[in-house]
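# Observations on the three-dimensional arrangement
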Amino acid sequence: MAQAKTRTLRDDIDEILPGVVADRRDLHQHPELAFQEVRTAGIVADRLRALGVEDVRTGIAQTGVTGLIRGAQGDGKTVLLRADMDALPILEENEVDYVSQNPGVMHACGHDAHTAMLLGVTRLLLDRRDDFAGTVKVLFQPAEESPPGGAKPMIEAGVLEDPPVDAVFGIHVAQEHPVGEIRLRPGPAMAAADRFTIRIRGKGGHGARPQSTIDPIVIGAHIVTALQTLVSRSVDPTEEAVVTVGVFKAGEAFNVIPDTAELGGTVRTFTPENRDLLEERIGTLARGIAQAMGAEIDYAYTRGYPATVNDSEMTELVREEAAKVVGADHVVESPLIMGAEDFSYFLEARPGAFWFVGSKNPERGLVWGHHHPKFDLDEAAMAIGMESMASVALRYLSDEAGDGRREAADRV
Ligand SMILES: [Zn+2]
Ligand SMILES: [Zn+2]
């Protein structure tokens, strides 16, 4: 790719796509679970060094890798591009020649494609180094699938500094949407995902002598029912939230009232206010009901990934670039997604955006969803993913707009 200036991104992608697909299939054959991405991270680091990426750092938050692509036109902004590397504990049921060679572990979410795509984007941007000022930081993170995840410890290890990162971008392939489509939305896009447990301490006894017991099953049933009022009566009806009780454990025998019962569930919210509200209200309701019925509770609320909130200006930038890649008709406003994603930590710390690249192809039978043992994607999506990501990085670095921190600094 000697004459990068006269060639379009798409010309170069056509040339490198077979290699990127081969990388993805190799990673697919050798999936690794959260924080065990040793082979994957090794391949990534070797490749970055071989390509000439500067300041390649490894072992960040165990297996994370970063590297820098410095534009030849001098100093400027720094943009971070992120891929996740981990697979899932799933036994693959596909019959393809690149099927997982690691039984019980599978790239069933497409993170193999994300890693291969970011390696491809690295090549594209290195070949265009003469055309931009500023720096691209490529980041490969461990353990997206395993809260508390790999993003938070990478940020704590300083990946947003040295050089300071101005904006962050990431993508996810999406089996819900056809290949050729890009989806995103400004503001809250994916939910915060938290969990809670309520242990009800009653008093057991004979099932025929309830008057001498404090029945934790009846109390638990009241609590489960009362929790249904939180979203309907406590949360603003124009906002979205979920409270689901997925665990109710109590009792062993039909004629025995047990001492204790345990409830567990998940909470999904899109704003810090609703998150705080539900954490407080679940505890207050459960404690009040238990007390009124003579029992006590142990309540634990554990916060998972926060909501993924896209910066509106950065979302608009992505939307414009995505329209050039797939056509404006194929850039669709994403609905709110109740699932969670730890790219949210990057977006809490810096402006940026996270978008979805459709990868479903019913004609080829590629219809199975994320985390399904038959998950597989149309690899044509990887060309779209690379073009959109490289375009967004180049556009961000060349734009005067979209750099609030720098503009504020210039005014001082
Ligand atoms: Zn996943
Ligand atoms: Zn995923």
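Here, every reference points to the structure presented above.
Small disclaimer: the values here were computed from a predicted structure and weren't measured. (Residues numbered from 1 in each chain as written. Chains lettered and ligands numbered in written order. Predicted model: local features only at pLDDT ≥ 70, side-chain atom pairs only at ≥ 80, totals over all residues.)

## A word on the overall build of the protein chain
A tally of regular secondary structure across the protein chain gives 10 helices and 16 strands. Along the first, second and third principal axes, the C-alpha atoms of the protein chain reach 85 × 60 × 40 Å. Buried residues in the protein chain amount to 48% of all 412 residues. By sequence separation, contacts in the protein chain at least 24 residues apart represent 80% of the contacts at least 6 residues apart. (Helix = DSSP H or I, 4+ residues; strand = E, 2+ residues; numbered from the N terminus. Buried ≥ 20, exposed ≤ 12 C-beta atoms within 10 Å, placed from the backbone. Contact = placed C-beta atoms within 7 Å.)

## Some details on helix H1 (residues 9–29)
Here H1 is 21 residues long and its end C-alpha atoms lie 28 Å apart, about the 30 Å a rise of 1.5 Å per residue gives. Taken residue by residue, H1 has Leu9, Asp12, Ile13, Val20, Asp23, Arg24, Leu27 and His28 as its buried positions. Turning to H1, the residues buried within the fold contact helix H2 (38–51), helix H3 (111–126) and helix H9 (380–398). (Expected span 1.5 Å × (residues − 1).)

## Notes on the sheet that holds strand E6 (residues 182–184)
The strand order across the open sheet built from 8 strands is E1-E2-E4-E3-E5-E16-E6-E15, with neighbouring strands paired in mixed fashion. One side of each edge strand has no neighbouring strand; the edge strands of this open sheet are strand E1 (54–60) and strand E15 (331–333). With direction set aside, neighbouring strand axes in the sheet form an average angle of 25°. Pairing between strand E2 (residues 64–70) and strand E4 (residues 135–141): 6 bridges, direction antiparallel. (Pairing = 2+ DSSP bridges. Axes fitted to C-alpha atoms, helices over the stretch in contact; angles between N-to-C directions.)

## Considering the environment of Lys137
Among the structural elements, Lys137 can be located in strand E4. What makes Lys137 buried here is the crowd of 22 C-beta atoms within 10 Å. Taking C-alpha positions, Lys137 is 45 Å from Leu227, a pair spaced 90 residues apart along the chain. Setting aside residues up to four positions removed in sequence, Lys137 forms contacts with Thr66, Leu68, Thr78, Leu80 and Val165.

## Some details on the packing of H3 against H9
For any two helices packed against each other, the geometry is given by the interaxial angle and the distance between the axes. For the pair H3 and H9, the least separation of the axes is 9 Å and the interaxial angle reads 50°. As judged from the angle between their axes, H3 and H9 are oblique. Here H3 and H9 pass one another in a crossing that is right-handed. Only Met382, Gly385, Met386, Met389, Ala390 and Ala393 of H9 make contact with H3, whose side of the interface consists of Ala113, Ala116, Met117, Gly120, Val121, Leu124 and Leu125. In the contact of H3 with H9, the residues fall into 11 nonpolar, 2 polar and no charged. (Parallel < 35°, antiparallel > 145°, perpendicular 65-115°, else oblique. Left-handed = near helix turned anticlockwise from the far one by under 90°. Nonpolar A, V, L, I, M, F, W, Y, C, P; charged D, E, K, R; others polar.)

Structural measurements only, silent on function.
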